[in-house]
Amino acid sequence: MSGRPQPLPDEARIVEQAQQGDRRAFSQIYRAYARTLYGYVLIPMLGDPDDAEDCLRETFLAANRALPNYTWQPSGIYGWLKVLAKNKARDLLRASGRRQRLRGAFAEHVDAFGGGVAKSPGDEELEREQLRGQIEGLLDTLNPRYAKVLRLRLLEDRERDECAQIMDVKVGTLDVLLYRACRSFKQACEKRGVALRGEL
């Protein structure tokens, strides 16, 4: 099988029906091209099956929304779907890169409360409790969804899939939410006068 599948028989008619809201026609398009997009576009770009599945789902949701404005091309609809899939993958890659930077930046923001002076074990435990209280106090000032995603993903270090399920969002949406939450946390730190080196 090549990277570009053969167009569906009578594809122009099927696409037109899908544009008019025919779910069976849209399902035909999905069945014809989903696995090729997954195997030849999304897996090579992302390398992670779960991320590729997320992007595939987002690709066809986007296609369903945009299909009424799609202009038929003689080469078929696959090229258009491939562009959508690549864009979704790039969005996720950008969010993933931000997430890694943000995890470090968030830890640095939290460390900024601690001072860095050597202390006895008892003092360290007390300070950890005080630090957690300060962080919780800051989180309480944020948008509740921002506070929740920060607690789940960065303080409790839960997996992305678990966090997305708890938050009732897709994994890609979780990444964007986490990015915005970390920015909001940084701004809250600055309002408290905590000096931070990380840039978001």
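Residues numbered from 1 in each chain as written. Predicted model: local features only at pLDDT ≥ 70, side-chain atom pairs only at ≥ 80, totals over all residues. Heavy atoms only, no water.

Visitor: In this structure, what is going on with the pattern of salt bridges? I would like to understand it.
Guide: For side chains bearing opposite charge, pairing can occur when the charged atoms are close. Per the counting criterion, the structure on display carries 7 salt bridges. Linking Arg160 and Asp51 is a salt bridge whose minimum nitrogen-to-oxygen distance equals 3.1 Å. Of the two residues, Arg160 is situated in helix α7 (residues 160–167) and Asp51 in helix α3 (residues 49–66); the sequence distance between them amounts to 109 residues. The two residues Arg160 and Asp51 agree in class, both being buried. (Salt bridge = Lys/Arg side-chain N within 4 Å of Asp/Glu carboxyl O. Helix = DSSP H or I, 4+ residues; strand = E, 2+ residues; numbered from the N terminus. Buried < 20%, exposed > 50% of the residue type's maximum accessible area, 1.4 Å probe, protein only.)

Visitor: Would you mind going over helix α1 (residues 11–19) with me for this structure?
Guide: Residue pairs three or four apart in sequence face the same way in an α-helix, which turns once every 3.6 residues. For α1, the set of buried residues is Glu11, Ile14, Val15 and Ala18. Across the axial projection of α1, the buried residues extend over an arc of 100 degrees, all falling on one side. Each element contacted by the buried residues of α1 is listed here: α2 (23–46). Just beyond α1, the residue with positive phi is Gly21, at close to 95 degrees. (Arc of directions from axis to C-beta. Contact = heavy atoms within 4.5 Å.)

Visitor: Help me understand the packing of helix α6 (residues 144–155) against α7, please; the structure alone is not making it clear to me.
Guide: Their axes nearest at 10 Å, the elements α6 and α7 cross at an angle of 150 degrees. One element, α6, and the other, α7, form an angle in the roughly antiparallel class. Remark: the crossing between α6 and α7 carries right-handed chirality. On α7, the residues touching Arg145, Lys148, Val149, Leu152 and Arg153 of α6 are Arg160, Cys163, Ile166 and Met167. Its residues placed into classes, the contact of α6 with α7 shows 5 nonpolar, no polar and 4 charged. (Axes fitted to C-alpha atoms, helices over the stretch in contact; angles between N-to-C directions. Parallel < 35°, antiparallel > 145°, perpendicular 65-115°, else oblique. Left-handed = near helix turned anticlockwise from the far one by under 90°. Nonpolar A, V, L, I, M, F, W, Y, C, P; charged D, E, K, R; others polar.)

Visitor: Is there a simple way to think about unusual backbone geometry in this case?
Guide: Trans is the prevailing form of peptide bonds, just as negative phi is the prevailing case for residues other than glycine. The residue Asp10 is not glycine, and still its phi comes out positive at about 60 degrees. Here Asp10 lies in the segment before α1. According to the relative accessible area criterion, Asp10 is partly exposed, its value standing at 46%. A positive phi angle, near 60 degrees, is found at Asp168, a position not held by glycine. Note that Asp168 resides in the loop between α7 and α8 (171–191). Residue Asp168 is classed as exposed on the basis of its relative accessible area of 69%.

Visitor: Looking at this structure, I do not really get empty space enclosed by the protein. What am I missing?
Guide: To find the voids left in a structure, one rolls a probe of water-molecule size over its atoms. Considering all chains together, one arrives at 1 cavity of 30 Å³ or more under this definition. Approximately 30 Å³ is the volume attributed to the largest cavity. Arg4, Pro5, Gln6, Pro7, Glu11, Tyr33, Ser75, Gly76 and Tyr78 are the residues that line the largest cavity. Taken together, the residues of the lining of the largest cavity sort by class into 4 nonpolar, 3 polar and 2 charged. (1 Å grid on protein atoms, 1.4 Å probe; cavity = no way out; pocket = protein on both sides within 12 Å on 5 of 7 lines; lining within 4 Å. Points joined across faces, edges and corners; volume = space filled by probe spheres on them.)

Visitor: So what exactly am I meant to see when it comes to the packing of aromatic side chains here?
Guide: Describing an aromatic ring pair means giving the distance of the ring centres and the angle of the ring planes. One pass over the structure, following the stated rule, counts 4 aromatic pairs. Seen from their ring centres, Tyr30 and Phe60 are 4.7 Å apart, and the 70 degrees between their planes marks the pair as edge-to-face. With a gap of 30 residues between them, Tyr30 in helix α2 and Phe60 in helix α3 connect regions that are remote in the sequence. Ring geometry for Tyr70 and Trp80: centres 4.8 Å apart, planes at 45 degrees, overall tilted. With Tyr70 in the loop between α3 and α4 (78–111) and Trp80 in helix α4, this residue pair connects regions lying 10 residues apart in the sequence. Judged by relative accessible area, which is 9%, Tyr70 ranks as buried. An aromatic cluster is defined as three or more aromatic residues linked by ring pairs; in this entry it consists of Phe26, Tyr30 and Phe60. The ring centre of Tyr38 lies 4.8 Å from the NZ or CZ of Arg35, which sits over that ring. (Phe/Tyr/Trp six-rings, centres within 6.5 Å; stacked < 30°, edge-to-face > 60°. Lys NZ or Arg CZ within 6 Å of the ring centre and 35° of its normal.)

Read these as layout, nothing more, since geometry by itself doesn't imply function.
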